[in-house]
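Listed below are the residues making up each chain.
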Amino acid sequence: MTSGNEILPSRASLASRSAQGPRRSTATPRWSRRRGVLAAFSVLATAGFVAASLVPLVSFPNTAEATELDPMSLYASAVEDAQRYQAGDAPSIELDRASEYTVYVKPTPTPTPTPTPPPGKKSSSGSSSRSSSGWSPPFVTPNPGSAQAIAYDMVTSRGWGDSEFACLVALWKKESGWRVNAYNASSGAYGIAQATPGRKMASVGSDWETNPTTQITWGLGYIQGRYGTPCGAWGKSQRSGWY
């Protein structure tokens, strides 16, 4: 049942449409195009996946090498931190030392020069060669009236110089200290020249026990007869301890 305004197809039109046969669907070409696009897309995606999987193998042919690091333990790092902390916080220590030092150098003793004999007096040429020590006593002017003054006059009268007198002074100073009454109980030596025994000097004078002139005269005669000069006797005393 319809309204009067609706137009209904007639039976003739319906019969003609059925005679013409079924119409072709217009959606078939659209579905075929979509299938072609999907196929192309799947091909491209497959090619991209294959390329992505092959690129790392081509770009990095060598085996990856890991960087070697020095082994470090937790204990070592903790000790290092503790040492750094202690060294940084330790207070500085200043040693209490004197800024100035005094060095004492023992002075070298100045050797006593050998005096030059005065003109007109002879000096023994062999005195230094006869002394084994290599040292000659210096000459000292004796006190007037002393035993050494008496000996000096006797030495110069025998033709000996000041160097020989210096050897005589050193020799008899070592033997007796130039004492007239010097006596050695073990050997029996007596007097300035230490004659052994002392009574030998009686050949010069009976006052040999107290007179320095008698003792010196005997002593110089003994030295000249046995050693030649006082320096010869001094050299013998230096070598053996006696003359």
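Scroll up to find the structure this text is about.
Let me sum up the structure you'll find in this document. Predicted model only: the values in this text are computed from it and were never measured.

## Section: the packing of aromatic side chains
Then comes step 1: Under the defined criterion, the tally for this structure stands at 10 aromatic pairs.
Then comes step 2: Centre to centre, the rings of Tyr222 and Tyr243 are 5.7 Å apart; their planes meet at 70°, and the pair counts as edge-to-face. One end of the pair, Tyr222, is in helix 7 (residues 212–226); the other, Tyr243, is in the segment after helix 8 (230–240), and 21 residues separate them in sequence.
Then comes step 3: Note on Tyr243: relative accessible area 10%, which makes it buried.
Then comes step 4: Each ring, one from Tyr227 and one from Tyr243, has its centre 6.4 Å from the other, and the planes form 45°; the classification is tilted. Taken together, the positions of Tyr227 in the loop between helix 7 and helix 8 and Tyr243 in the segment after helix 8 put the pair 16 residues apart, joining distant regions of the chain. For the pair shown, Tyr227 and Tyr243 are each scored as buried.
Then comes step 5: By the ring-pair criterion, three or more aromatic residues cluster together here, those being Trp218, Tyr222, Tyr227 and Tyr243.
Then comes step 6: For Lys236, the ring lying beneath its charged end belongs to Trp242, and the centroid distance is 3.3 Å.

## Examining the layout of surface pockets
Then comes step 1: Estimated volume of the largest pocket: approximately 200 Å³.
Then comes step 2: Lining the largest pocket are 13 residues, with Ala193, Gln194, Thr196, Tyr222 and Tyr243 positioned closest to its centre.
Then comes step 3: The residue makeup of the lining of the largest pocket, split by class, is 7 nonpolar, 4 polar and 2 charged.
Then comes step 4: Taken together, Trp135, Pro137, Pro138, Phe139, Val140, Gln148, Ala166, Val169, Ala170, Lys173 and Trp234 make up the full set of residues lining the second largest pocket.
Then comes step 5: For the lining of the second largest pocket, the element with the most residues is helix 6 (residues 162–175), which contributes 4 residues.
Then comes step 6: Its residues placed into classes, the lining of the second largest pocket shows 9 nonpolar, 1 polar and 1 charged.

## Let's talk about the state of the cysteines
Then comes step 1: Considering all chains together, one arrives at 1 disulfide under this definition.
Then comes step 2: In this model, Cys167 is linked to Cys231 through a disulfide, with the two sulfur atoms separated by 2.1 Å. Handedness here is read from the sign of the S-S torsion; for Cys167 and Cys231, about 80°, the answer is right-handed. Of this pair, Cys167 sits in helix 6 while Cys231 sits in helix 8, and the two are 64 residues apart along the sequence.
Then comes step 3: The exposure class of Cys167 is buried, given its relative accessible area of 2%.

## Regarding the environment of Thr213
Then comes step 1: Within the secondary structure, Thr213 sits in helix 7.
Then comes step 2: Thr213 sits in the partly exposed class, given a relative accessible area of 31%.
Then comes step 3: For the pair formed by Thr213 and Ala147, sequence separation is 66 residues and the distance between their alpha carbons is 7.5 Å.
Then comes step 4: Apart from residues lying up to four places away in sequence, Thr213 is in contact with Ile150 and Met154.

## A word on the packing of helix 5 (residues 147–157) against helix 7
Then comes step 1: Between helix 5 and helix 7, the shortest axis-to-axis distance is 10 Å and the interhelical angle comes to 40°. With respect to their mutual orientation, helix 5 and helix 7 come out oblique. Of the two elements, helix 5 crosses helix 7, and the hand of that crossing is right-handed. Contacts from Ala147, Ile150, Ala151, Met154 and Val155 of helix 5 reach helix 7 at Pro212, Thr213, Ile216, Thr217 and Leu220.

Thresholds, definitions, all that
Residues numbered from 1 in each chain as written. Predicted model: local features only at pLDDT ≥ 70, side-chain atom pairs only at ≥ 80, totals over all residues. Heavy atoms only, no water. Phe/Tyr/Trp six-rings, centres within 6.5 Å; stacked < 30°, edge-to-face > 60°. Helix = DSSP H or I, 4+ residues; strand = E, 2+ residues; numbered from the N terminus. Buried < 20%, exposed > 50% of the residue type's maximum accessible area, 1.4 Å probe, protein only. Lys NZ or Arg CZ within 6 Å of the ring centre and 35° of its normal. 1 Å grid on protein atoms, 1.4 Å probe; cavity = no way out; pocket = protein on both sides within 12 Å on 5 of 7 lines; lining within 4 Å. Points joined across faces, edges and corners; volume = space filled by probe spheres on them. Nonpolar A, V, L, I, M, F, W, Y, C, P; charged D, E, K, R; others polar. Disulfide = S-S within 2.5 Å. Contact = heavy atoms within 4.5 Å. Axes fitted to C-alpha atoms, helices over the stretch in contact; angles between N-to-C directions. Parallel < 35°, antiparallel > 145°, perpendicular 65-115°, else oblique. Left-handed = near helix turned anticlockwise from the far one by under 90°.

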